[in-house]
Amino acid sequence: MNQTGKAYIATLVYTAIIGFSFLFVKIGLTTASPLDTLAHRFTISLLAALIPVALGKIKLSLGRKDLLAILPIALLYPAGFFLFQTFGLAYTTSSAAGIIQACIPVFTLVMAASFLKEHSTLQQKLAILLSTGGVVFIFIMQGVHPAGASLLGSFLILLSSLSSAGYSVLVRRTKGRFSPFELAFVTISFGFIVFNVSALIQHQASGTLSTYFEPLGDSSFLMSVLYLGIAASLGSALLSNYALSVLKASQVSVFINLATVITMVAGVLFLDEKLFYYDLIGAAVIIAGVVFTQIRLFPAAPEVRRSLLQ
């Protein structure tokens, strides 16, 4: 199998992991606060990343300049993405946030064209809009409640979405300079510091510092952060970093919308949630958009001319 095929497989596995991660986030949040969940998640993720390094299976040779080059990536994701998302959701509804975050592939397309000079065909642009429209359709049909949203909340979710798009573009820009593991290790380490410090400050302010590790005693919470830390943080970072080293940023980012479909399936299978007709319509539109982004539906102009001359 060539590199492109491996990159698509990595992207599909990454998408599946992200799709199921929402299920485990829901489980984790029944026991701990969002910041505590993020802190424990990235603690476990860093511990998992340290194992192959400690065993000598993977060697890290990153200098000061390398760390400074990766720092902007880590500031965008995981730090910016999750912090803006966490506080944004406190001021807006999940449905309104879902619609804004469905635009991440569109933001990525614009940023990739501006900063990476990545060009996409009209078909790819329309397919990305089609996939985004499928997600927006689902959330609108589920019901968007403007009364529960605010300008501040929407703005923070927008910053979260732009952080995700910017991350994809910056990772793509460093293609060949760092390995997927080096990028993942530094960004996870940064997330570990940011979220643990933030959670500890919150506990100190509320006088609950002694309860910081209590959630880890709950088996369901421990299961959720093990999945989120090892699979959703470390695993997805490795897979997405590899995919972005081969495929265009816009090609990878559109798969984010496919995670919405997987999340719906996970809800039906494990949370007894129901699927409605609009969910199925939206899922079909999302899948069609993702597929049409990756394949050439119509031949290029020179090929058309050649076929007409024959």
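This text goes with the structure placed above it.
Before going into details, it helps to say that this report is about the structure given with it. Owing to the predicted nature of the structure, the values given are computational and were not obtained by experimental measurement. The residue numbering used here restarts from 1 in each chain and proceeds along that chain's sequence as written. Per-residue local features are limited, in this predicted model, to residues with pLDDT of at least 70; the limit for side-chain atom pairs, both in listing and counting, is 80 or more; totals at the level of whole chains, interfaces and linings are taken over all residues. The side-chain quantities take in all heavy atoms of the structure and omit both hydrogens and water.

### So, the pattern of salt bridges
Rules: Salt bridges are counted wherever a side-chain nitrogen of Lys or Arg sits within 4 Å of a carboxyl oxygen of Asp or Glu. In DSSP terms, a helix is any run of H or I states spanning at least four residues, a strand is any run of E spanning at least two, and both are numbered starting from the N terminus.
Enumeration over the complete set of coordinates arrives at 2 salt bridges. One salt bridge connects Asp-66 with Arg-177, and the closest N-O pair in it is separated by 3.7 Å. Of this pair, Asp-66 sits in helix 3 (residues 64-88) while Arg-177 sits in the loop between helix 7 (151-173) and helix 8 (180-206), and the two are 111 residues apart along the sequence.

### A closer look at unusual backbone geometry
Keep this limit in mind: Any residue under 20% of the maximum accessible area for its type is buried, any over 50% is exposed, and the rest in between are partly exposed; the area is computed with a 1.4 Å probe on protein chains only.
Geometrically, the link from Tyr-77 to Pro-78 is a cis peptide bond, its omega value of 20° lying close to zero. On the secondary structure map, Pro-78 appears in helix 3. One non-glycine residue, Lys-117, lies in the positive phi region at around 60°. On the secondary structure map, Lys-117 appears in the loop between helix 5 (104-116) and helix 6 (122-142). Residue classification places Lys-117 among the exposed positions, given a relative accessible area of 55%.

### Considerations on helix 6
Going by this rule: A helix is expected to span 1.5 Å multiplied by its residue count minus one.
Here helix 6 spans 30 Å end to end across 21 residues, near enough to the 30 Å set by a 1.5 Å rise per residue. Restricting attention to buried positions, one finds in helix 6 the residues Gln-123, Gln-124, Ala-127, Ile-128, Ser-131, Thr-132, Gly-134, Val-135, Val-136, Ile-138 and Phe-139. One or two positions beyond helix 6, positive phi appears at Gly-143, with a value near 110°.

### Observations regarding the packing of helix 11 (residues 255-270) against helix 12 (residues 277-294)
For clarity, the threshold we go by: Every axis corresponds to a line fitted to the C-alpha atoms, with the helix fit spanning only the stretch in contact, and the corresponding angles, defined between N-to-C directions, vary from 0 to 180 degrees. The scheme is simple: roughly parallel for angles under 35 degrees, roughly antiparallel for over 145, roughly perpendicular for 65 to 115, oblique for anything else. For a crossing to be left-handed, the near helix must be turned anticlockwise from the far one by less than a right angle; the clockwise case is right-handed. Residue contacts are defined here by distance: any two heavy atoms, one from each residue, within 4.5 Å place the two residues in contact.
At their nearest, the axes of helix 11 and helix 12 sit 9 Å apart, and the two run at 150° to each other. On the basis of the axis angle, helix 11 is roughly antiparallel to helix 12. Of the two possible hands of crossing, helix 11 and helix 12 adopt the one that is left-handed. The segment helix 11 lies against helix 12, with Phe-255, Asn-257, Leu-258, Thr-260, Val-261 and Met-264 engaging Asp-279, Ala-283, Ile-286, Ile-287, Val-290 and Gln-294.

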